[in-house]
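# Chain and residue survey
One-letter residues, chain by chain:
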2 protein chains.
Amino acid sequence: MSAYVNVVNINGVGTVSAVQGENYHHGDLRRALIDAALAALAENGPGTLSLRGLARAAGVSATAVYRHFANKEDLLAAIATEGFEGLSASMQQRLEREPGAGRLRRLVILGEGYVDYAIAHPAHYRLMFGPRMLARGEYPALAAAAAHSYGMLEQAVSDAITAGELPAMPEPVLSTLFWSWVHGLAMLNNDGLLARSDLPGTNELSHDFGELLANALNQFRE
Amino acid sequence: MSAYVNVVNINGVGTVSAVQGENYHHGDLRRALIDAALAALAENGPGTLSLRGLARAAGVSATAVYRHFANKEDLLAAIATEGFEGLSASMQQRLEREPGAGRLRRLVILGEGYVDYAIAHPAHYRLMFGPRMLARGEYPALAAAAAHSYGMLEQAVSDAITAGELPAMPEPVLSTLFWSWVHGLAMLNNDGLLARSDLPGTNELSHDFGELLANALNQFRE
DNA sequence: ACCTGAACACCGTTCAAGT
DNA sequence: ACCTGAACACCGTTCAAGT
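Note on numbering: residues in each chain are counted from 1, in written sequence order. Chains carry letters and ligands carry numbers; both start at the beginning, A for chains and 1 for ligands, and go up in the order they are written. Since the coordinates come from a predicted model, pLDDT governs what is reported: local features require at least 70, and pairs of side-chain atoms require 80 or more to be given and counted, while whole-chain, interface and lining totals use all residues. Hydrogens and water molecules were not included; the side-chain quantities draw on all heavy atoms of the structure.

## Side note on the overall build of chain A
Worth spelling out the cut-off: Strands here are runs of E lasting at least two residues and helices are runs of H or I lasting at least four, both read from the DSSP assignment and numbered beginning at the N terminus. Exposure categories follow from relative accessible area, calculated using a 1.4 Å probe and restricted to protein chains: below 20% of the type maximum is buried, above 50% is exposed, and the middle band is partly exposed. The contact criterion used throughout is that any non-hydrogen atoms of two residues lie within 4.5 Å. Using a 1.4 Å probe, the Shrake-Rupley method yields the accessible areas, and only the shown protein chains count as cover for residues.
Scanning chain A from N- to C-terminus turns up ten helices and zero strands. From first element to last, N terminus to C terminus, chain A shows the α and β order α-α-α-α-α-α-α-α-α-α. Relative to its 222 residues, chain A shows a buried fraction of 50%. Pairs at least 24 apart in sequence give 67% of the contacts found in chain A among residues at least 6 apart. Carbon and sulfur atoms form 52% of the exposed surface of chain A, whose accessible area is close to 9,900 Å².

## Remarks on the domain arrangement of chain A
Residues and elements named next belong to chain A. In plain terms, the rule: Annotation comment: domain bounds sourced from an automatic or database domain assignment. Buried area: the accessible area, evaluated with a 1.4 Å probe, that two parts lose upon being put together, summed over both parts. What counts as a salt bridge is simple: a side-chain nitrogen of Lys or Arg found within 4 Å of a carboxyl oxygen of Asp or Glu. N or O atoms closer than or at 3.5 Å make up a polar contact, with two conditions inside protein: a donor-capable atom paired with an acceptor-capable one, and, for residues adjacent in sequence, both atoms drawn from side chains. Residues are sorted three ways: Asp, Glu, Lys and Arg are charged, Ala, Val, Leu, Ile, Met, Phe, Trp, Tyr, Cys and Pro are nonpolar, and all the rest, Gly among them, are polar.
Split by domain assignment, chain A resolves into domain 1 (1-69) and domain 2 (72-220). Taken together, the 18 residues of domain 1 in the interface contact 17 residues of domain 2. Counting the surface lost from both domain 1 and domain 2, the interface buries some 1,400 Å², and carbon and sulfur atoms represent 74% of this. Notably, a salt bridge pairs R31 with E82, separated by 2.2 Å at the nearest N-O pair. On the surface where domain 1 and domain 2 come into contact, there are two residue pairs in polar contact (both at pLDDT 80 or more). Mapped by element, the contributors of at least two residues to the side of domain 1 that touches domain 2 are helix 1 (2-8), helix 3 (29-43) and helix 4 (51-57). Tallying contributions element by element places helix 3 first for the side of domain 1 that touches domain 2, with six residues. Here the side of domain 1 that touches domain 2 is built from residues that sort into 13 nonpolar, three polar and two charged.

## As for the packing of aromatic side chains
For any pair of aromatic rings, geometry is given as the distance between the ring centres together with the angle between the planes. Convention followed: Two rings from Phe, Tyr or Trp (for Trp, the six-membered ring) form a pair when their centres are within 6.5 Å of each other. A pair whose planes differ by under 30 degrees is stacked, one over 60 is edge-to-face, and the rest are tilted.
If you walk through the whole model with that rule in mind, you get twelve aromatic pairs over all chains. Through a chain of ring-to-ring contacts, three or more aromatic side chains come together here, namely F84, Y114, Y125, F129, Y150 and W179 of chain A.

## Let's talk about the pattern of salt bridges
In total, this model carries 20 salt bridges over all chains according to the counting rule given. In this structure, E112 of chain B engages R94 of chain B in a salt bridge whose closest nitrogen and oxygen atoms are separated by 2.7 Å. Remark: R94 of chain B occurs in helix 5 (residues 72-97) and E112 of chain B occurs in helix 6 (residues 103-120); sequence separation between them is 18 residues. We note that E112 of chain B, like R94 of chain B, is buried. A cluster of three or more residues bridged by salt bridges with shared partners is formed by R94, E98, R105, E112 and D116 of chain A.

## Focus: helix 5 (residues 72-96) of chain A
All names here are of chain A. Worth spelling out the cut-off: For a helix, the expected span equals 1.5 Å multiplied by the residue count minus one.
Across its 25 residues, helix 5 extends 36 Å between first and last C-alpha, which sits within 8% of the 36 Å expected from 1.5 Å per residue. Summarising burial for helix 5: 18 of the 25 residues are buried, a large majority. Measuring from the backbone nitrogen of E73 back to the side-chain oxygen at the start of helix 5 gives 3.3 Å, which picks out N71 as the cap.

## Considerations on the packing of helix 3 of chain A against helix 5 of chain A
All names here are of chain A. Condition: Under this scheme, a helix contributes an axis fitted over its contacting stretch, all axes are lines through C-alpha atoms, and angles between N-to-C directions fall in the 0 to 180 degree range. Between 65 and 115 degrees an angle is taken as roughly perpendicular, under 35 as roughly parallel, over 145 as roughly antiparallel, and anywhere else as oblique.
In contact at an axis separation of 10 Å, helix 3 and helix 5 are set at 70° when each is read in the N-to-C sense. The pairing of helix 3 with helix 5 is recorded here as roughly perpendicular in orientation. Of the residues in helix 5, those in contact with R30, R31, I34, A37, L38 and L41 of helix 3 are L75, A78, I79 and E82. When the residues that make up the contact of helix 3 with helix 5 are grouped by side-chain class, the tally is seven nonpolar, no polar and three charged.

## Structural notes on the environment of A168 of chain A
Considering the arrangement of structural elements, one finds A168 of chain A in the loop between helix 8 (140-162) and helix 9 (171-190). Sequence separation between A168 of chain A and G53 of chain A is 115 residues, and the spatial gap between their C-alpha atoms is 52 Å.

## Quick notes on helix 6 (residues 103-120) of chain A
Its 18 residues give helix 6 of chain A an end-to-end C-alpha distance of 26 Å, which sits within 8% of 26 Å, the value for a rise of 1.5 Å per residue. Of the residues making up helix 6 of chain A, those classed as buried are L104, L107, V108, I109, L110, G111, E112, G113, Y114, V115, Y117 and A118 of chain A.

## Section: the confidence of the model for chain A
What counts, and what does not: pLDDT measures how confident the predictor is about each residue, on a scale from 0 to 100.
Per-chain confidence: chain A averages 83 in pLDDT, with 80% of residues scoring 70 or above. Here residues 1-24 of chain A is a poorly scored stretch, pLDDT under 50, and it has 28 contacts once near neighbours within four places are set aside; other chains count.

## Remarks on the environment of Q92 of chain B
All names here are of chain B. Position of Q92 relative to the elements: it lies in helix 5. The class for Q92 is partly exposed, based on a relative accessible area of 34%. Here the alpha-carbon distance between Q92 and I109, two residues 17 residues apart in the chain, equals 9.3 Å.

## Details of the environment of F84 of chain B
Locating F84 of chain B in the fold gives a position in helix 5. Sequence separation between F84 of chain B and A39 of chain B is 45 residues, and the spatial gap between their C-alpha atoms is 17 Å.

## Quick notes on the packing of helix 6 of chain B against helix 9 (residues 171-190) of chain B
Residues and elements named next belong to chain B. Quick note on the threshold: By definition, any crossing whose near helix is turned counterclockwise from its far helix by less than a right angle is left-handed, and any crossing with a clockwise turn is right-handed.
Across the interface, helix 6 lies against helix 9 with an axial gap of 9 Å and an inter-helix angle of 30°. On the basis of the axis angle, helix 6 is roughly parallel to helix 9. When the axes of helix 6 and helix 9 are compared, the crossing they make is right-handed. Note on element contacts: helix 9 touches helix 6 through F178, W179, V182, H183, L185, A186, N189 and N190, opposite L107, G111, Y114, V115, A118 and I119. Taken together, the residues that form the contact of helix 6 with helix 9 break down as ten nonpolar, four polar and no charged.

Structure (structure tokens):
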């Protein structure tokens, strides 16, 4: 978790005040609560997240939470937002590791970065797509972060179509196909359903499937 | 929900006793609790399921539940088991509607039946893959029902490979690819993320994707 | 064998009050 | 501006008791 938290911490860390550490006026309770939630998600699964428990972990009364979040769903939305930021960062890092990649190869790399992140943060990833997040419209920052992640996939698909490396189908349809596949693979892995002796590891599956799908689509084009 | 409930109800209905309708000795409280849960899942989403609420709906005290289920997870496992039975039934029904279909076509039909069921019962389907169901090993009936659903996909993939209508890759890898795709498509749909003006309906997407993927894989084979 | 009622240790959330 | 404490309406679960 640590590396990714450092990435998304940038905005919060600067606002820590001088009185941090005292009981009264916590400094950055909002950040402390989110960090406590991320730690709890990483250690136990989701579902065990309670506002009262997070308040305890932050050394603060249960009702102090409501100074920083409207309710539990509001806190979960903030966590989900950071999740999509981490997802985008994971995809971006993978792209930059292989600068000269072709259009289609870039799409495969994005998929690997996507699955990498999802299986490295299973509880966090599940929360990002959990039932509580259905009302995404009420959380503009969450909607924007999710749209950015999806936009990266869309751009790569669009580029590959333009370059003639994918069949000339509508971009939204191909993007949805690709997204369904990485999302499904990540979810099944995080449910423990891919831990079978007759399957390679999910990281390798991700790579194999990416190559397979991309090449297959490429052949299909004519 | 009704049609599918009738299918899976067979075992329960026969045990309804003569005193059904009285307060004391409910008749088949176990079945009544499951049905109340299915109704609650269909009406509200998941997450709102409470044992006490189900007991209220069945007209019984909160603690009566524990005469029929060890705990909440045990009830959820029973519901998830019926879900996989419904999933298998949905796939089977689709197959029987098109008896003369070829090997590859049968696989596509299975995928359509799978997605059909998943998007017709979103809350139920989510529960089947929810975080609570990770300990599937502790519920043999659940594990068996899930294995049967997955086995239908595996059989169709295996047959298509044998018939030379899919690339000669390991069956588990191709099955996982296919499963990831239908699962991801269903989950994204049920999260409301495919309700976009630039996309066709999910039923049509399911059909398009099946044809695309099957044909693409078929081309890739040589 | 099947169900009830009281009780325990939790929740999320509200509201008045403290500094 | 930020936090606390008491209170309310819920949970899941246990245990002794009722028929």
